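One letter stands for each residue in the lines below.
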Amino acid sequence: MWAYESVFYQIYPLGFCGAPFWNDGNLQHRILKVKDWIPHMKKLGITAIYFSPIFESDSHGYNTRDFQKLDVRLGTNEDFACVSRALHEAGIRVVLDGVFNHVGRGFWAFQDVLKYRAGSLYKDWFVRIDFGGNSNYNDGLWYEGWEGNYDLVKLNLHNPEVVSHIFDSIAKWIEWFDIDGLRLDVAYCLTEDFCRQLRSFTQSRKEDFFLVGEMLHGDYNRLMNDQMLHSVTNYECYKGLFSSFNSMNMFEIVHSLLRQFGPEQWTLYKNKHLFNFVDNHDVSRIASILNRPEHLPVIYGMLFGMPGIPCVYYGSEWGAKANKNEGDPALRACFDAPEENALTGWIAKLAAAKKSSQALNYGVFRSVVLTNKQCIFERKTDSERVLVAINADDAPFTAHFDAGCGMAVDLITGEPHDFGGGSELAPYSVAYWKMER
């Protein structure tokens, strides 16, 4: 699967393009801005892009009005087809946000229900509509909203007509935009049967079509398996990453990685590829929550070295800041142009190292050295072995361990490394030592 060897970039288009929060109905071709960022993405080493919602919605994109029409604030379907072509020509795959658990109140079928009520042909498209009840919108009917939010009307995925409409829309996305995959919003709310049908349908249209689901907790294998999704969001390690650096306790993140990928028989996700990130459109930007700015390049070194698929959120590659308590619009900012600094150059080197290494893409995980402030772990396949070394301390550290060989080369810098007499790690440093056979 191509996704397992990819470096992803996430864009939240409505924010990225500077669109107004509420859908004002004014057509603007803002999505074409993405084309201007392609050279930056190429420099960064990006090989796949995940777009947060792009289709017509009431406001933030997750309250969809029409699955088959680009949001007017972003442009037209033809505009996005142009963007997708340009990305593909640059060697960048395209993954869209599939928001299938709920729609907005402006969704055309729900508007029909509001108008014709019990006489609507679409009354069974939504969950638990009660024409004798009411909601805080005072429509004279009650319905189930996602997590109690009545602006997000839950779709009835047990209704074959609903599933058929969703699959028809996906087929059009593949036809119109040649998309390569979907990220499933609140996948933990979707039925297993729906995920099974989705995998079968998309694979029949495109054999290597990638499905990644938003999962927050629980056993990821419930939806991530050979019949359903290829991958899910790794929120366990998201928390473990920043928490380990802020508490100077590498035991936390390594414990999570051992639990997920370690050598023991009970390991949960061995040989699977979780979707990893240090921030995204729903959480504070990583530069705003790390206690020490010196840890910013180091945490990205961990992200690219650990098992899974790394994803970089637009703007964070140069250290943009925003805190969740400032509200979602702050997290989903519009930048006039991409910036390039030492951090972007560092991420580009990490991306190149990952793409060049079978072990970093597919290798099993084993902890080699672990202290509160340092960790060294092994990624190994039958043909390659890489040691990922992290020093989160402000002082040098010399690690003494049996490397199993005398020499290595750092995949990041290209410099040789001699294990004789111990391995010294500079303060706030990362190394990817590829072992010489």
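Rules behind the numbers
Residues numbered from 1 in each chain as written. Predicted model: local features only at pLDDT ≥ 70, side-chain atom pairs only at ≥ 80, totals over all residues. Heavy atoms only, no water. Axes fitted to C-alpha atoms, helices over the stretch in contact; angles between N-to-C directions. Helix = DSSP H or I, 4+ residues; strand = E, 2+ residues; numbered from the N terminus. Parallel < 35°, antiparallel > 145°, perpendicular 65-115°, else oblique. Left-handed = near helix turned anticlockwise from the far one by under 90°. Contact = heavy atoms within 4.5 Å. Nonpolar A, V, L, I, M, F, W, Y, C, P; charged D, E, K, R; others polar. Phe/Tyr/Trp six-rings, centres within 6.5 Å; stacked < 30°, edge-to-face > 60°. Lys NZ or Arg CZ within 6 Å of the ring centre and 35° of its normal. Buried < 20%, exposed > 50% of the residue type's maximum accessible area, 1.4 Å probe, protein only. Polar contact = N/O pair within 3.5 Å; in protein donor to acceptor, adjacent residues only side chain to side chain. Salt bridge = Lys/Arg side-chain N within 4 Å of Asp/Glu carboxyl O. Pairing = 2+ DSSP bridges.

Our next topic: the packing of helix α8 (residues 235-246) against helix α11 (residues 295-305). At a minimum axis distance of 11 Å, the contact between α8 and α11 shows a crossing angle of 140 degrees. One way to sum up the angle between α8 and α11 is to call them oblique. Our pair here, α8 against α11, has a crossing hand that is right-handed. Here Leu241, Phe242 and Phe245 of α8 come into contact with α11, specifically with His295, Val298, Ile299, Met302 and Leu303. Along the lines of polarity and charge, the residues of the contact of α8 with α11 split into seven nonpolar, one polar and no charged.

Here the focus is the packing of aromatic side chains. Scanning the model with the defined rule gives 38 aromatic pairs in all. Residues Tyr235 and Tyr238 carry aromatic rings whose centres are separated by 5.8 Å and whose planes lie at 80 degrees to one another, so their mutual orientation is edge-to-face. You can see Tyr235 and its partner Tyr238 sitting in helix α8, three residues apart, about one turn around the helix. Directly above the aromatic system of Phe16 lies the positively charged group of Lys33, at a separation of 4.7 Å from the ring centroid. One cation-aromatic arrangement involves Arg332 over Tyr12; the distance from NZ or CZ to the ring centre is 4.6 Å.

Our focus in this paragraph is the environment of Ser244. In this fold, Ser244 is placed in helix α8. Sequence separation of Ser244 and Asn372 is 128 residues, and the distance between their C-alpha atoms is 8.6 Å. Residues within four places of Ser244 in sequence aside, it is in contact with Asn249, Met250, Glu252 and Ile253.

Next up on the list: unusual backbone geometry. A positive phi angle is found at Arg128, which is not glycine, with a value near 55 degrees. Tracing the backbone through its elements, the reader meets Arg128 in the loop between α5 (108-116) and β5 (145-146). Classification of Arg128 by relative accessible area gives exposed; the value is 55%. In this structure, Tyr428 takes a positive phi of about 50 degrees despite not being glycine.

Moving on, we get to the packing of α8 against helix α9 (residues 250-261). Following both chains from N to C, one finds α8 and α9 inclined at 155 degrees, their axes separated by 7 Å at the closest point. In terms of their interaxial angle, α8 and α9 are classed as roughly antiparallel. Along this stretch, α8 crosses α9, giving a crossing that reads as left-handed. Judged by residue contacts, Glu236, Cys237, Lys239, Gly240, Leu241, Ser243, Ser244 and Phe245 of α8 engage Met250, Glu252, Ile253, Ser256, Leu257, Arg259 and Gln260 from α9. Of the residues assigned to the contact of α8 with α9, the class counts are six nonpolar, five polar and four charged.

Tracing the chain through its elements places Thr202 in helix α7 (residues 192-205). Among the polar contacts listed, one links the side chain of Thr202 to the backbone oxygen of Leu198, at a separation of 2.8 Å. Among all residues touching Thr202, those that are not within four sequence positions of it are Ile170, Phe209 and Leu211.

What follows is about the pattern of salt bridges. Using the criterion set out here, one finds 25 salt bridges in the structure. One salt bridge connects Lys43 with Glu340, and the closest N-O pair in it is separated by 3.3 Å. Of this pair, Lys43 sits in helix α3 (residues 38-44) while Glu340 sits in the loop between α12 (328-331) and α13 (342-355); the two residues are 297 residues apart in sequence, bridging distant segments of the chain. Among the ionic pairs, Arg73 bridges to Asp71, the shortest N-O distance being 2.8 Å. Residue classification places Arg73 among the buried residues on the basis of a relative accessible area of 0%. Under the relative-accessibility criterion, Asp71 is labelled buried at 1%. Linked through salt bridges whose partners overlap, the residues forming this network are Arg93, Asp178, Asp180, Lys206 and Asp208.

Paired through their backbone hydrogen bonds, the strands of a sheet run either parallel or antiparallel. Taken together, eight strands build an open sheet; the order of strands is β9-β8-β7-β3-β2-β1-β11-β10 and the sheet is parallel. Both edges of this open sheet fall to β9 (231-232) and β10 (275-277), since each of them pairs with a single strand only. Taken together, the four bridges between strand β3 (residues 93-98) and strand β7 (residues 181-184) define a ladder with parallel strand orientation. Bridge pairing links Val95 to Gly181 in β7. Those strands touched by α11 are β10 and β11 (309-313), and its axis lies near 145 degrees from that of β11.

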